[in-house]
Amino acid sequence: FLETTAYFCMKPKTGEKEVSPHSFFSIWHEFSSDFKDFWKKENKLILQERVKEAEEVCRQKKGKSLYNIRPKHDSGIVSKNCSNT
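One structure accompanies this document, and this report is about it.

About the cut-offs
Residues numbered from 1 in each chain as written. Predicted model: local features only at pLDDT ≥ 70, side-chain atom pairs only at ≥ 80, totals over all residues. Heavy atoms only, no water. Salt bridge = Lys/Arg side-chain N within 4 Å of Asp/Glu carboxyl O. Helix = DSSP H or I, 4+ residues; strand = E, 2+ residues; numbered from the N terminus. Buried < 20%, exposed > 50% of the residue type's maximum accessible area, 1.4 Å probe, protein only. Patch = residues over 30% accessible without salt bridge, like charges linked within 9 Å, V, L, I, M, F, W, Y side chains within 5 Å. Areas by Shrake-Rupley, 256 points an atom, 1.4 Å probe, with all protein chains shown as cover. Polar contact = N/O pair within 3.5 Å; in protein donor to acceptor, adjacent residues only side chain to side chain.

1. Re the pattern of salt bridges
Then, in step 1: In the structure shown here, the tally under the stated rule is one salt bridge.
Then, in step 2: The residue E56 makes a salt bridge to R59 at a minimum N-O spacing of 2.8 Å. Of the two residues, E56 and R59 both sit in helix α2 (residues 21-63), three residues apart, roughly one turn of that helix.
Then, in step 3: On the basis of relative accessibility, which here comes to 36%, the residue E56 falls in the partly exposed class.

Below, the structure written as structure tokens:
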């Protein structure tokens, strides 16, 4: 615990000899809560951007047809039978 507090440069409060676990973890809890909130917001923004990009790609692909539709020509058994009658 003392090595961890030294790593994070925690200093004891005035009038105390060592950093108490309560003071360290109260600060750590605030930090982790804030980090979690920012993480969720950032992930939500990234997801919204990806959805917009995917919708744009979809719109572009719908604009370009991947295949051509040709008009149907009368050149089958049914058309031959209909013209002979």
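That was the structure; now back to the text.
2. Quick notes on a nonpolar patch on the surface
Then, in step 1: Among the surface-exposed residues, F1, L2, Y7, F8, F25, W28, F31, F35 and W39 lie close enough to one another that they form a single nonpolar patch of about 1,100 Å² accessible area.
Then, in step 2: Contributions of two or more residues to the nonpolar patch are made by α1 (2-7) and α2.
Then, in step 3: With respect to the helices, strands and loops of the structure, W28 is situated in helix α2.
Then, in step 4: Among the residues examined, W28 registers a relative accessible area of 38% and is labelled partly exposed.

3. With respect to the side chain of T5
Then, in step 1: Looking at where T5 falls in the secondary structure, it is placed in helix α1.
Then, in step 2: Within the structure, T5 has its side chain in polar contact with the backbone oxygen of L2 (distance 2.8 Å).

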